[in-house]
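Observations on the model geometry
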Amino acid sequence: MATRPRGYGLTGEISRKIASKYDVGLEQEARLWMEAVLGEPLAPDEDSSVPLGMDKFQAVLKDGVTLCKLINKIKPGSMTKKVNTSKKMPFLQMENVSNFLEACEKLGVSKTDLFQTVDLYDKMNMVQVVNCIFALGRKAQKVGYDGPALGAKEAEQNPRNFSPETLNAGQSVIGLQMGSNKGASQAGMSFGRSRSINEHGINDQPENNVD
């Protein structure tokens, strides 16, 4: 049976649109941060001053080993499961990636910032992979990691608690958009009054005449 080439049809079109948004500048920032945290280059044979590009960046991360080592550096003990170093067993490599994502979520990284295993392993969405690394960098600063920083520090929550008296006072205030009935009257209104026509013109007459 014939097989469809990779990136066929709508799936391929979506993948190409995602790839077109890939930013090598952000990739390079993420890479240099990872190398600083790990204390070793991601790609020893490549010049660290030159971005790897999407294909090479995906290749050095796809087995999940580097990602697992990274999060263990940020939060020792984050990886409670064994890191598989096999280069020939895809399902073990994907398991590493999955375990990394699980550790990220436990660390507090938002689900919306995570990627799917296939996004990395099959290079379906490397934009989201880079985004996840930045999210991990922000979270690292918040969970007590005092090493190299990546991106802006994650904002702290600033909940506002109002007293019952303040809340009750607010409920009694009428917004300006509601308008005002100050000074309103029924003067000049002729609703409910009948009109009679005579030779002198139109006269308004009360609806009910009481002798």
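Our focus in this paragraph is the overall build of the chain. When helices and strands are tallied, the chain shows eight helices and two strands. Taken from N to C terminus, the helices and strands of the chain fall in the order α-α-α-α-α-α-α-α-β-β. Among the 211 residues that make up the chain, the fraction classed as buried is 30%. Taking as baseline every contact in the chain between residues at least 6 positions apart, the subset at least 24 positions apart corresponds to 51%.

Moving on, we come to the packing of helix α5 (residues 90-107) against helix α7 (residues 126-142). Packed helix pairs are characterised by how far apart their axes lie and by the angle those axes make with each other. At a minimum axis separation of 11 Å, α5 and α7 run at an interaxial angle of 40°. Like other packed secondary-structure pairs, α5 and α7 cross with a definite hand, here left-handed. Taking contact as the criterion, the partners of F100, L101, C104 and L107 in α5 are, on α7, C132, L136 and K139. Of the residues contributing to the contact of α5 with α7, the split by class is six nonpolar, no polar and one charged.

Scanning the model with the defined rule gives nine salt bridges in all. Between R31 and E35 there is a salt bridge; the shortest N-O distance is 3.2 Å. You can see R31 and its partner E35 sitting in helix α2 (residues 24-38), four residues apart, about one turn around the helix. Summarising the burial analysis for this pair, R31 and E35 share the class buried. With a shortest N-O distance of 2.8 Å, E40 and K69 are connected by a salt bridge. A residue pair is termed long-range when its members are at least 10 positions apart, and E40 in the loop between α2 and α3 (54-61) and K69 in helix α4 (residues 65-74) qualify at 29 residues. In this structure K69 comes out as partly exposed when scored by relative accessible area, which is 36%.

Once that is clear, we can look at α4. Counting buried positions along α4 gives seven out of ten residues, so the element sits mostly inside the fold. V65, T66, L67, C68, L70, I71 and I74 are the residues of α4 that are buried. In this structure, the buried side of α4 is in contact with α2, α3, α5, α6 (117-121) and α7.

Counting 38 residues, the largest nonpolar core has F57, F100 and L136 as its most contacted members. Listing elements by their share of this core, those giving two or more residues are α2, α3, α4, α5 and α7. The element that contributes the greatest number of residues to this core is α7, accounting for nine residues. F57 has contacts with Y22, E27, R31, M34, L42, L52, M126, V130 and I133, leaving out every residue within four places of it along the chain.

All right, on to the confidence of the model for the chain then. Per-residue confidence for the chain averages 81 on the pLDDT scale, and 68% of its residues sit at or above 70. Predicted confidence for residues 1-5 stays below pLDDT 50, and this span has zero contacts to residues more than four positions away or in other chains.

Attention now moves to the packing of α3 against α7. With their axes 11 Å apart at the nearest point, α3 and α7 run at an angle of 60° to one another. When the axis of α3 is compared with that of α7, the two are oblique. Classified by chirality, the crossing of α7 by α3 is left-handed. The residues of α7 that touch α3, namely those facing M54, F57, Q58 and L61, are M126, V129, V130 and I133. A class-by-class count of the residues in the contact of α3 with α7 yields seven nonpolar, one polar and no charged.

Next up on the list: the environment of E29. For E29, the location among the structural elements is in helix α2. Residue class for E29 comes out partly exposed when judged on its relative accessible area of 42%. With 105 residues separating them along the chain, E29 and F134 place their C-alpha atoms 8.9 Å apart. When neighbours within four sequence positions are excluded, E29 is seen to be in contact with F134 and L150.

With a phi close to 55°, K123 is a non-glycine residue in the positive phi region. Relative to the elements of secondary structure, K123 occurs in the loop between α6 and α7.

Parameters and conventions
Residues numbered from 1 in each chain as written. Predicted model: local features only at pLDDT ≥ 70, side-chain atom pairs only at ≥ 80, totals over all residues. Heavy atoms only, no water. Helix = DSSP H or I, 4+ residues; strand = E, 2+ residues; numbered from the N terminus. Buried < 20%, exposed > 50% of the residue type's maximum accessible area, 1.4 Å probe, protein only. Contact = heavy atoms within 4.5 Å. Axes fitted to C-alpha atoms, helices over the stretch in contact; angles between N-to-C directions. Left-handed = near helix turned anticlockwise from the far one by under 90°. Nonpolar A, V, L, I, M, F, W, Y, C, P; charged D, E, K, R; others polar. Salt bridge = Lys/Arg side-chain N within 4 Å of Asp/Glu carboxyl O. Core = buried A, V, L, I, M, F, W, Y, C linked by side-chain atoms within 4.5 Å. pLDDT = per-residue confidence, 0-100. Parallel < 35°, antiparallel > 145°, perpendicular 65-115°, else oblique.

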